Amino acid sequence: MSARSELFRELWDRQEVAPPEAWLRVFRHPEVGVLRLNATCLTMPGVTECYIVVYVPAGPEDRERVERLDSLPPGGWAHTCEA
């Protein structure tokens, strides 16, 4: 981010980046099944429209399911479901 955004680089250098928030997100894909992903959101205080969300598989089975998504043809979609 620092290499692509002068504003981000300046805020990062001044440590004006808010502490990350984390959630567990659960998605159900019609072919892969249930995906449990840890979502971490990084924001910059005072710049509400600027944030980054990173999704990381919660466990080994989730990692395998995410990797299977690469082999599927485009066009399907997943939606959030209850944890």
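Rules and cut-offs
Residues numbered from 1 in each chain as written. Predicted model: local features only at pLDDT ≥ 70, side-chain atom pairs only at ≥ 80, totals over all residues. Heavy atoms only, no water. Helix = DSSP H or I, 4+ residues; strand = E, 2+ residues; numbered from the N terminus. Buried < 20%, exposed > 50% of the residue type's maximum accessible area, 1.4 Å probe, protein only. Disulfide = S-S within 2.5 Å. Polar contact = N/O pair within 3.5 Å; in protein donor to acceptor, adjacent residues only side chain to side chain.

**Q** Looking at this model, I keep getting lost on the overall build of the protein. Mind explaining?
**A** Assigned secondary structure in the protein consists of 2 helices and 4 strands. Moving toward the C terminus, one meets the helices and strands of the protein in the order α-β-β-β-α-β. Looking at the protein residue by residue over its 83 residues, the buried ones come to 20%.

**Q** Where do I start with the state of the cysteines in this structure?
**A** Throughout this description, disulfide means a covalent bond between two cysteine sulfur atoms. Following the criterion strictly, the structure yields 0 disulfides and no others. With no disulfide partner, cysteine 41 has as its closest neighbouring cysteine sulfur the one in cysteine 50, 10.0 Å distant.

**Q** Would you mind showing me how to read the side chain of histidine 29 here?
**A** Take histidine 29: it is sitting in strand 1 (residues 21–29). We classify histidine 29 as buried; its relative accessible area is 11%. At 3.3 Å, the side chain of histidine 29 forms a polar contact with the backbone nitrogen of valine 32.

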